[in-house]
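For reference, the chains in residue letters:
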Amino acid sequence: MNLMSRVIIGAGVAGSLLTGGVIGAAIAGPLGVSAATSSGAASTAASPAVGSGTFVSNETAAHEAGESAAREAQENAGQRPTVP
């Protein structure tokens, strides 16, 4: 394979990659934007982001009624409860 063949093949591969990237961005771009927006009606202030690693206690009345004092103290201190 001579030098000119390598240059032509390389340019063809690079052009294909660039074209595929542009087409992929044009197709997937609007999908990513629509997934990032929310109506806000279903979200709550007490819900942490998935995978955020922060603990948010459940403060509903039904949950609080069955909780021990030790567990409530851990939740109030911002700790992940270790007692039942």
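Quick look at the structure, then. As the structure is a prediction and not an experimental result, all values here were calculated from the model. (Residues numbered from 1 in each chain as written. Predicted model: local features only at pLDDT ≥ 70, side-chain atom pairs only at ≥ 80, totals over all residues. Heavy atoms only, no water.)

## Quick notes on the overall build of the protein chain
Phase 1: Within the protein chain, the regular secondary structure consists of three helices and zero strands.
Phase 2: The N-to-C order of helical and strand elements in the protein chain reads α-α-α.
Phase 3: When the 84 residues of the protein chain are sorted by exposure, 7% land in the buried category.
Phase 4: When the accessible surface of the protein chain is summed, it comes to about 6,500 Å², and 67% of that surface belongs to carbon and sulfur atoms. (Helix = DSSP H or I, 4+ residues; strand = E, 2+ residues; numbered from the N terminus. Buried < 20%, exposed > 50% of the residue type's maximum accessible area, 1.4 Å probe, protein only. Areas by Shrake-Rupley, 256 points an atom, 1.4 Å probe, with all protein chains shown as cover.)

## Topic: helix H3 (residues 69–76)
Phase 1: Every buried residue of H3 is accounted for by Glu72, Gln74 and Glu75. Down the axis of H3, the smallest arc covering the buried residues is 160°, so these residues share one side. Exposed and facing more than 90 degrees away from the buried side of H3 are Ala69 and Asn76.
Phase 2: With its phi angle positive at about 80°, Gly78 sits one or two positions after the end of H3. (Arc of directions from axis to C-beta.)

## Examining the side chain of Glu75
Phase 1: Mapping Glu75 onto the fold places it in helix H3.
Phase 2: Under the relative-accessibility criterion, Glu75 is labelled buried at 6%.
Phase 3: The contact partners of Glu75, leaving out residues within four places of it in the chain, are Phe55, Ser57, Asn58, Glu59, His63, Glu64, Glu67 and Pro81. (Contact = heavy atoms within 4.5 Å.)

## A look at the pattern of salt bridges
Phase 1: Following the criterion strictly, the structure yields two salt bridges and no others.
Phase 2: The residue Arg71 makes a salt bridge to Glu67 at a minimum N-O spacing of 3.8 Å.
Phase 3: According to the relative accessible area criterion, Arg71 is partly exposed, its value standing at 23%.
Phase 4: Judged by its relative accessible area of 14%, Glu67 is buried.
Phase 5: Between Arg71 and Glu75 there is a salt bridge, with its nearest N and O atoms 3.6 Å apart. (Salt bridge = Lys/Arg side-chain N within 4 Å of Asp/Glu carboxyl O.)

By themselves, these figures tell us nothing about what the structure is for.
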